[in-house]
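Observations on chain architecture
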Amino acid sequence: MIKFSIVNLDRDGTDLSGSEPASILEIEDSDLLSCHSPIEYNLHAALVNNGILVTGSASTEINLKCGRCLKSFKYQVSSRNMCHFYEKVKNQELDVTEEIREDILVAFPNAYLCKKNCKGLCPKCGTNLNKSECSCAEEESPVLESSEEKSPWIELDKLKIEPRVKKR
Ligand SMILES: [Zn+2]
Ligand SMILES: [Zn+2]
């Protein structure tokens, strides 16, 4: 729980920093995403007209798997410029855990890519195209550049012969 003691809170405010276990995010591990690193936060609460203003930042590191090439990688999630206003707080403590949780979740990436231009895996042979090339794409190209060394079978090679597999 991330809580401010607000009994003596004034307009200058008070700082609160520390870390919370990733479990406050309430995210279940999946094949593509897991969160185990603590959430580090640096917050400030101050008395303002009619309420309390909490500002600051929070961050954590999550483990992702690239949606294209399946490589595992770490991703830094950070939420800066957090700003939450609480009106008429009657308790002696102000619990901001839920707001921090939401800010972190909003900062998660939309697409899990190890790098922007990840080439992914060849859909035919499964080669990781970031590391090496495969010949699948070449076989498909209809124009063959070197016409000099044509083998007698070249026309046959152009024909696309696919095994007939019944779909279930
Ligand atoms: Zn990738
Ligand atoms: Zn291939």
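The model shown is predicted, which means the values in this text are computed figures rather than measured ones. (Residues numbered from 1 in each chain as written. Chains lettered and ligands numbered in written order. Predicted model: local features only at pLDDT ≥ 70, side-chain atom pairs only at ≥ 80, totals over all residues. Heavy atoms only, no water.)

1. Quick notes on the pattern of salt bridges
As enumerated under the stated definition, the model contains three salt bridges in all. Among the ionic pairs, R101 bridges to E26, the shortest N-O distance being 4.0 Å. Highlighted residues: R101 in helix α1 (residues 97-106) and E26 in the loop between β2 (14-20) and β3 (33-35), separated in sequence by 75 residues. The exposure class of R101 is buried, given its relative accessible area of 17%. Overall, the relative accessible area of 59% leaves E26 in the exposed class. Its salt-bridge partner being E98, residue R101 comes within 3.2 Å of it at the nearest N-O pair. (Salt bridge = Lys/Arg side-chain N within 4 Å of Asp/Glu carboxyl O. Helix = DSSP H or I, 4+ residues; strand = E, 2+ residues; numbered from the N terminus. Buried < 20%, exposed > 50% of the residue type's maximum accessible area, 1.4 Å probe, protein only.)

2. Some details on the side chain of E20
In this fold, E20 is placed in strand β2. Buried and without a salt bridge, E20 has K3 as its closest oppositely charged side chain, separated by 10.0 Å. Here M1 takes part through its backbone nitrogen, which lies 2.8 Å from a polar atom of the side chain of E20. Once residues lying within four places of it in the same chain are set aside, the contact partners of E20 are M1, I2, P38, I39 and Y41. (Lys, Arg positive; Asp, Glu negative; His and termini not counted. Polar contact = N/O pair within 3.5 Å; in protein donor to acceptor, adjacent residues only side chain to side chain. Contact = heavy atoms within 4.5 Å.)

3. What about the coordination of the zinc ion (ligand 2)?
Here the zinc ion (ligand 2) is held by the protein donor atoms C122 (SG), C125 (SG), C134 (SG) and C136 (SG), which lie 2.3 Å from it. If you look at the zinc ion (ligand 2), its four donor atoms make angles of 105 to 114° with each other, and the shape they trace is tetrahedral. Here the donor residues of the zinc ion (ligand 2) share one chain and are spaced in sequence as C-x2-C-x8-C-x1-C. Placement of C122 in the loop between α1 and α2 (136-140) and of C136 in helix α2 is noted, with a sequence separation of 14 residues between them. Both residues of the pair, C122 and C136, count as buried. (Donors = N, O, S within 2.8 Å, 3.2 Å for Na, K, Ca; no water. Tetrahedral: all angles 85-135°; square planar, octahedral: opposite > 155°, others 65-115°.)

4. Remarks on the coordination of the zinc ion (ligand 1)
Those protein atoms acting as donors to the zinc ion (ligand 1) are C66 (SG), C69 (SG), C114 (SG) and C118 (SG), and they sit at 2.3 Å. Geometry at the zinc ion (ligand 1) is tetrahedral, judged from its four donor atoms and the angles of 108 to 112° they form at the metal. We note that the donor set of the zinc ion (ligand 1) lies within a single chain, spaced as C-x2-C-x44-C-x3-C. Here C66, found in the loop between β5 (51-65) and β6 (72-87), pairs with C114, found in the loop between α1 and α2; they are 48 residues apart in sequence, far enough to count as distant. On the accessibility criterion, C66 (0% relative accessible area) is buried.

5. A few points about a positive patch on the surface
A surface patch of like charges, here positive, comprises K71, K115, K119 and K131. Among the structural elements, K71 can be located in the loop between β5 and β6. (Patch = residues over 30% accessible without salt bridge, like charges linked within 9 Å, V, L, I, M, F, W, Y side chains within 5 Å. Areas by Shrake-Rupley, 256 points an atom, 1.4 Å probe, with all protein chains shown as cover. Charge placed at Lys NZ, Arg CZ, Asp CG, Glu CD.)

6. Considerations on the pairing of β5
Pairing between β3 and β5: three bridges, direction antiparallel. By the bridge assignment for β5, S34 is matched with N63. Of the strand pairs in this sheet, strand β4 (residues 39-48) and β5 are connected by nine bridges, and their pairing is antiparallel. Directly across from V48, in β5, lies its bridge partner G51. Here β5 runs beside β6; their pairing, made up of 14 bridges, is antiparallel. Among the inter-strand pairings, K65 is bridged to a residue of β6, identified as S72. Here β5 folds back onto β6 in antiparallel fashion, the turn holding six residues, of which L70 has a positive phi close to 70°. (Pairing = 2+ DSSP bridges.)

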